[in-house]
Amino acid sequence: MSFSDSGSYSNGGDHKSFRQITRERLLYEMLMPDKNGTSKSAWKVLVVDKFTVKILSSACRMSEITQQGISLVENITKQRQPMTSFEAIYFIQPTESNVNAFLSDMTGKSPLYKKAFVFFSSPVSRSLVTLIRKDVRAMKRIGALKEMNLEYISMDIQGFVTNNENALEDLYSDEENHQRADACLNVVAKRIATVLASLKEYPFVRYRGAKALDATTMTTYRELIPTKLAASVWNCLARYKQTIEDFPQTETCELLILDRSIDQIAPLIHEWTYDAMCHDLLKMEGNKYTYEVPSNSGGNPENKEVLLDEEDPIWVELRDVHIADASERLHEKMTNFISKNKAAQMKHSSKDFGDISSKDLKKMVNALPQYSEQIDKLSLHVEIARTINRTIMEQGLRELGKLEQNLVFGDAGRKDVIKFLSTNNVINQESKLRLMMILAAIYPKKFEGEKGRKMMELAKLSGDDVVAVNNLRLLGPVHTESKRSTTGSFPLKFDVLKKKRAARKDRVGETQTWQLSRFYPIVEELVEKLNKGHLPKQDYPCMNEPKPTFYSASPSPSASPVLPHSRRTPTWARRHLSDDGYFSDSVLGRASSGFKRKGQRIFVFIVGGATRSELRVCHKLTEKLDREVILGSSSFLDPQTFLTKMKQINEEEEISLDDIDI
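Definitions and cut-offs
Residues numbered from 1 in each chain as written. Predicted model: local features only at pLDDT ≥ 70, side-chain atom pairs only at ≥ 80, totals over all residues. Heavy atoms only, no water. Helix = DSSP H or I, 4+ residues; strand = E, 2+ residues; numbered from the N terminus. Buried < 20%, exposed > 50% of the residue type's maximum accessible area, 1.4 Å probe, protein only. Contact = heavy atoms within 4.5 Å. Areas by Shrake-Rupley, 256 points an atom, 1.4 Å probe, with all protein chains shown as cover. Pairing = 2+ DSSP bridges. Axes fitted to C-alpha atoms, helices over the stretch in contact; angles between N-to-C directions. Expected span 1.5 Å × (residues − 1). Arc of directions from axis to C-beta. Parallel < 35°, antiparallel > 145°, perpendicular 65-115°, else oblique. Nonpolar A, V, L, I, M, F, W, Y, C, P; charged D, E, K, R; others polar. pLDDT = per-residue confidence, 0-100. Salt bridge = Lys/Arg side-chain N within 4 Å of Asp/Glu carboxyl O. Right-handed = clockwise from strand over helix to strand, strands pointing away. Phe/Tyr/Trp six-rings, centres within 6.5 Å; stacked < 30°, edge-to-face > 60°. Lys NZ or Arg CZ within 6 Å of the ring centre and 35° of its normal.

A. Seen up close, the overall build of the protein. When helices and strands are counted, the protein shows 24 helices and 14 strands. Considering the protein as a whole, with its 662 residues, one finds that 55% of them fall into the buried category. By sequence separation, contacts in the protein at least 24 residues apart represent 80% of the contacts at least 6 residues apart. Just so you have it, the protein exposes about 29700 Å², and 50% of that area is on carbon and sulfur atoms.

What follows is the structure, given as structure tokens:
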């Protein structure tokens, strides 16, 4: 038995994407018999907990897991039947409850499994190691103990979450006891560190610094959130430098730690890309979209679920383009498909089957399987785009979207909002609330006292809606002496200073082909400045400040650091992979094949939730800067989720067991 850390990595070879590395580590470092020490020919059981199963499912398909000899996936918290002839692979968090459950499985005269190979998702405490080693009977049945350092969920080829869904509420509430907030930050930091450990990256750690209004004003806890998180991540990395074999001892990448207060508008504004519109208007659950299809029996329509992810090449192509552009491309694809596909021509022609020649019929039959799969996928996206465009018309979102963007870019103000609300009877209450919150974020003084109360009345906002607008102050610096009003008047008190971060300027050198595509999140500007070495040090301090020679003196707008490339990725099990590092039938592999050798990675982490627009600009900047830009967050926010959180941010909630660092 061995107690080891993450597997070794090699430099060289093509650059592999963040998600691809995650997938390969799970499949080949943890599950492959050649690597984990399990029997090559025997089927095995995989035991997971409720978090690690999300990690697995986010990066691997069940068919890929099965190909590694896994016959059954079990939950460690559930009662399981003995399978004494099977070896078991445990992929679990290093918690006391998980370790006790594991020891219970393997102790006694009748253990559940023949042998156990244990992979922990993050570092194991000394007390838990001691607990395992004290159990002599269990030790005899343990084939391996290993820290995978892989405790995050890959949401996208360049995005991950730490699964801290309540981080916004935990960190930004008004409560004076910060124990829950500290616990949340510790978990988030540990999971960020496992991302870096998994990729064998050691970053320059930058963070948004706290700003006091003047020398006599105390800095609040909320203002220190990025600082505290950066310090915790730094401490985790310091331990990794000492404990993980081949972990880099010098900096290989850059990490920028932000919080949701950096951009209050991004979660609220109507973003007009295909991806953002899907998550805003279709009521998706993560990447899962549910729609109705005709019943084969001729009865009522049936619900069908589909994942909109990188396994879908149409989704990959369209996700970051304007909805109008997506609609045009889909129409063109459908037209071309019908004109070139024999089966589609037959189906859409006016011929009766009696007029079809035997040669044509044979061609149609031969084309049917492929035709069916292609037309189903294409028809799905055509229907999605049609649904989105219909919703845009029904809810009057074009006119609203124009006003939103004019507000953001300083081309409209309070009077324009009053006129819009007085004359528009189409937009729903959610859109009115989002408009009010955008206005409040940009022009906080317009919401003080009587002005604020009248604006709320004009928008006909409910009490909960007013609370959401009021709670925006929690995402920005506030005087510690200020108290919330207990009177019936609107109690909003934003910064004394105007929030310059809420303003946007049209980007120089970028032309907008489509209307309503001016908006960009603040993250885009920050990453470009970081890439050039232009982030102000007083606003964005660095835990380990690079030398002046770190950044290139090249005038190129995409100038990258003049240092060796990021550590390249593992080479284990390459003989089992296709040229792109995936099984030959993997669309994700084909989507990732464009990741050739790039410059050093940039990691951006937004605690409190990230948006689809922020993920979009990471895709964009990866190509523009020739550096893989990876976005991480405690969770991903759609506008409805953000509104709900802002309404409930000060309500008493039970802390989730997932957010406790035991």
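B. Spotlight on the sheet that holds strand β8 (residues 159–161). The strand order across the open sheet built from six strands is β7-β8-β14-β13-β10-β9, with neighbouring strands paired in mixed fashion. The open sheet has two edge strands with one neighbour each: β7 (153–156) and β9 (203–207). Across the sheet, the mean angle separating the axes of adjacent strands is 25 degrees when strand polarity is ignored. For β8 and strand β14 (residues 627–633), the ladder comprises three bridges, and the chain directions are parallel. Across the sheet, V161 pairs through a bridge with S633, a residue of β14.

C. Quick peek at helix α10 (residues 225–243). An ideal rise of 1.5 Å per residue puts 27 Å on 19 residues; α10 measures up with 27 Å between its terminal C-alpha atoms. All buried positions along α10 are accounted for by I225, P226, L229, A230, S232, V233, C236, L237 and Y240. Take α10 and look down its axis: the buried residues cluster within an arc of 165 degrees, on one side only. Of the exposed residues in α10, those oriented more than 90 degrees away from the buried face are R239 and Q242. Elements in contact with the buried residues of α10: α8 (167–172), α9 (179–198), β9, β10 (253–259) and β13 (599–607).

D. Spatial organisation of the packing of helix α16 (residues 397–408) against helix α18 (residues 429–442). Contact geometry of α16 with α18 gives a least axis separation of 10 Å together with a crossing angle of 10 degrees. It follows from the interaxial angle that α16 and α18 lie roughly parallel. Contacts between α16 and α18 pair L397, L400, L403, E404, L407 and V408 from the former with S431, L435, I438, L439 and I442 from the latter. Looking at the contact of α16 with α18 residue by residue, the classes come out as nine nonpolar, one polar and one charged.

E. Just unusual backbone geometry, in detail. The phi torsion at K460 lies on the positive side, around 55 degrees, for a residue other than glycine. Among the secondary structure elements, K460 is positioned in the loop between α19 (449–459) and α20 (463–470). The class of K460 is exposed, set by a relative accessible area of 61%. Of note, the phi angle at D626 is positive, near 60 degrees, even though the residue is not glycine. In this structure, D626 sits in the loop between α23 (612–625) and β14. A residue is classified by how much of its surface remains accessible, and D626, at 40% relative accessible area, is partly exposed.

F. A look at the pairing of β10. For β10, the buried fraction is high: seven of the seven residues fall into the buried class. Burial along β10 is two-sided: C253, L255, I257 and D259 and E254, L256 and L258, pointing in opposite directions, are all buried. For β9 and β10, the ladder comprises five bridges, and the chain directions are parallel. In the strand pairing of β10, P203 is matched with C253. One ladder, built from six bridges, connects β10 with β13; its direction is parallel. By the bridge assignment for β13, I257 is matched with F605.

G. Highlighting the confidence of the model for the protein. Here the protein averages 83 in pLDDT, while 78% of its residues score no lower than 70. Here residues 477–502 is a poorly scored stretch, pLDDT under 50, and it has 56 contacts once near neighbours within four places are set aside; other chains count.

H. Quick look at the pattern of salt bridges. Applying the stated criterion to the full structure yields 43 salt bridges. Between R61 and E311 there is a salt bridge, with the nearest N and O atoms lying 3.8 Å from each other. Of this pair, R61 sits in the loop between α3 (52–59) and α4 (62–67) while E311 sits in the loop between β12 (302–307) and α12 (313–318), and the two are 250 residues apart along the sequence. Accessibility expressed as a relative area gives 26% for R61, which makes it partly exposed. The exposure class of E311 is partly exposed, given its relative accessible area of 25%. Close ionic contact of D174 with R222 constitutes a salt bridge, the shortest N to O distance being 3.4 Å. One end of the pair, D174, is in the loop between α8 and α9; the other, R222, is in the loop between β9 and α10, and 48 residues separate them in sequence. Its relative accessible area of 27% is what places D174 among the partly exposed residues.

I. Main features of the pairing of strand β5 (residues 113–120). Burial runs high along β5: six of the eight residues are buried. In this sheet, β5 lies alongside strand β4 (residues 83–92) in parallel orientation, the contact comprising seven bridges. Directly across from I89, in β5, lies its bridge partner F117. A crossover connection joins β4 to the parallel β5 through helix α5 (residues 96–106); in handedness this β-α-β unit is right-handed. Strand direction decides the pairing type here: β5 and strand β6 (residues 142–147), joined by five bridges, are parallel. Across the sheet, A116 pairs through a bridge with I142, a residue of β6.

J. View of α3. Those residues of α3 lying buried are T52, I55, L56, S58 and A59. Viewed end-on, α3 has its buried residues packed into an arc of 165 degrees, placing them on one side of the element. Those residues of α3 that are buried lie in contact with α1 (18–31), β2 (44–48), α4, β4 and β7.

K. Looking closely at the environment of I438. Following the sequence through the fold, I438 ends up in helix α18. On the basis of relative accessibility, which here comes to 0%, the residue I438 falls in the buried class. Spatially, the C-alpha atom of I438 lies 6.8 Å from that of L268, the residues being 170 residues apart in sequence.

L. Expanded view of the packing of aromatic side chains. Taken as a whole and judged by the stated rule, the model has twelve aromatic pairs. Ring geometry for Y152 and F160: centres 5.9 Å apart, planes at 65 degrees, overall edge-to-face. Exposure class is identical for Y152 and F160. Each is buried. Among the aromatic residues, ring-to-ring pairing joins F18, Y152, F160 and F605 into one connected group. The cationic tip of R518 hangs over the ring face of F409; the distance from NZ or CZ to the ring centre is 4.1 Å. We note R612 situated over the ring of F636; from NZ or CZ to the ring centre the distance is 5.5 Å.

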